[in-house]
Amino acid sequence: MKKKVYLFCYAGMSTSLLVAKMNKIVEKFNLPIEIEAHSYAQAHTIIPEKKPDCIVLGPQVKFVYEDMKEKYAPTPVMVVDTADYGAMNGEKVLKEIIRVLKGGK
């Protein structure tokens, strides 16, 4: 069964570029992961409805990390590293997501 990973940033646009890079890797290696990007404004509608396996926040919305972690526990919540986000390093971000999905902190 595919793991659902949803990335939320301020508007969802720059995150879409990062998600596209990650999805190319997912397809290349046939990984059982579904990744989508959304604006943070949609988070509180999408998360309860679609129940992702991991919630990922862009650096622009890292200020909501503690709130999201508390509200959606036990679903893991992580923040994309600012440098990786700026470089659009989809491979490194995807590796971090996989580590979190496997139970890493």
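Conventions we followed
Numbering of residues starts from 1 in each chain and follows the order in which that chain's sequence is written. Totals for whole chains, interfaces and linings use every residue, but because this is a predicted model, local features are given only for residues with pLDDT of at least 70 and side-chain atom pairs only at 80 or more, for both listing and counting. Side-chain calculation: all heavy atoms of the structure are included, whereas hydrogens and water are not. A helix here means a DSSP run of H or I that spans at least four residues, while a strand means a run of E at least two residues long, and both kinds are numbered starting from the N terminus. Categorising residues by exposure relies on relative accessible area from a 1.4 Å probe, with only protein chains included: less than 20% of the type maximum marks a residue as buried, more than 50% marks it as exposed, and the intermediate range marks it as partly exposed. Contacts are assigned to residue pairs with any non-hydrogen atoms lying within 4.5 Å of each other. Convention adopted: a line fitted to C-alpha atoms gives each axis, helices being fitted over their contacting stretch, and angles between N-to-C directions are expressed from 0 to 180 degrees. Angular relationships are summarised with four words: roughly parallel below 35 degrees, roughly antiparallel beyond 145, roughly perpendicular across 65 to 115, and oblique for the angles in between. For any pair of crossing helices, the crossing counts as left-handed if the nearer helix is rotated counterclockwise from the farther one by less than a right angle, and right-handed if it is rotated clockwise. Polar here means any residue other than Ala, Val, Leu, Ile, Met, Phe, Trp, Tyr, Cys and Pro, which are nonpolar, and Asp, Glu, Lys and Arg, which are charged; Gly is therefore polar. In this description, a nonpolar core means a group of buried Ala, Val, Leu, Ile, Met, Phe, Trp, Tyr and Cys residues linked to one another through side-chain atoms lying within 4.5 Å. When DSSP finds two or more bridges between a pair of strands, those strands are recorded as paired.

Quick word on the environment of Pro-32
Part 1 of the reasoning: Along the chain, Pro-32 turns up in the loop between α1 (13-28) and β2 (33-39).
Part 2 of the reasoning: Classification of Pro-32 by relative accessible area gives partly exposed; the value is 47%.
Part 3 of the reasoning: In this structure the C-alpha to C-alpha distance between Pro-32 and Asp-84, which are 52 residues apart in sequence, comes to 23 Å.
Part 4 of the reasoning: Discounting chain neighbours no more than four positions away, the residues touching Pro-32 are Met-1, Lys-2 and Lys-3.

Considering the packing of helix α2 (residues 43-50) against helix α3 (residues 65-72)
Part 1 of the reasoning: Running from amino to carboxyl end, α2 crosses α3 at an angle of 30°, the nearest separation of the two axes being 12 Å. Comparing their axes, α3 and α2 come out roughly parallel. Regarding α2 and α3, the two cross each other, and that crossing is right-handed. Along its contact with α2, which presents Ala-43, His-44, Ile-47 and Pro-48, the element α3 presents Met-68, Lys-71 and Tyr-72.
Part 2 of the reasoning: Residue composition of the contact of α2 with α3, grouped by class: five nonpolar, one polar and one charged.

Examining the nonpolar core
Part 1 of the reasoning: Val-5, Leu-7, Leu-18, Met-22, Ile-35, Val-56 and Ile-97 are the most contacted members of the largest nonpolar core, which totals 19 residues.
Part 2 of the reasoning: Where this core is concerned, the elements lending two or more residues are β1 (3-9), α1, β2, β3 (54-57) and α5 (90-101).
Part 3 of the reasoning: Judged by nonpolar contacts, the second largest core, of 13 residues, contains Tyr-40, Ile-55, Val-61 and Met-68.

Regarding the sheet that holds β1
Part 1 of the reasoning: Reading across from one edge, β2-β1-β3-β4 is the order of the four strands in this open sheet, with parallel pairing throughout. The sheet terminates laterally at β2 and β4 (77-79), the two strands that pair on one side only. The average undirected angle you get between the axes of adjacent strands in this sheet is 25°.
Part 2 of the reasoning: Set on the sheet, α1 makes contact with β1 and β2; between it and β2 the angle comes to about 175°.
Part 3 of the reasoning: Of the strands in this sheet, β1, β2, β3 and β4 are in contact with α5, which crosses β2 at around 110°.

A word on the pairing of β1
Part 1 of the reasoning: Burial of β1 is extensive: five of the seven residues sit out of reach of the surface.
Part 2 of the reasoning: Where β1 lies against β2, seven bridges are found, and the strand directions are parallel. Along β2, the bridge assignment pairs Leu-7 with Ala-37.
Part 3 of the reasoning: Here β1 pairs with β3 via four bridges, running parallel. By the bridge assignment for β3, Phe-8 is matched with Leu-57.

Geometric descriptors of this kind do not, in isolation, establish any biological role.
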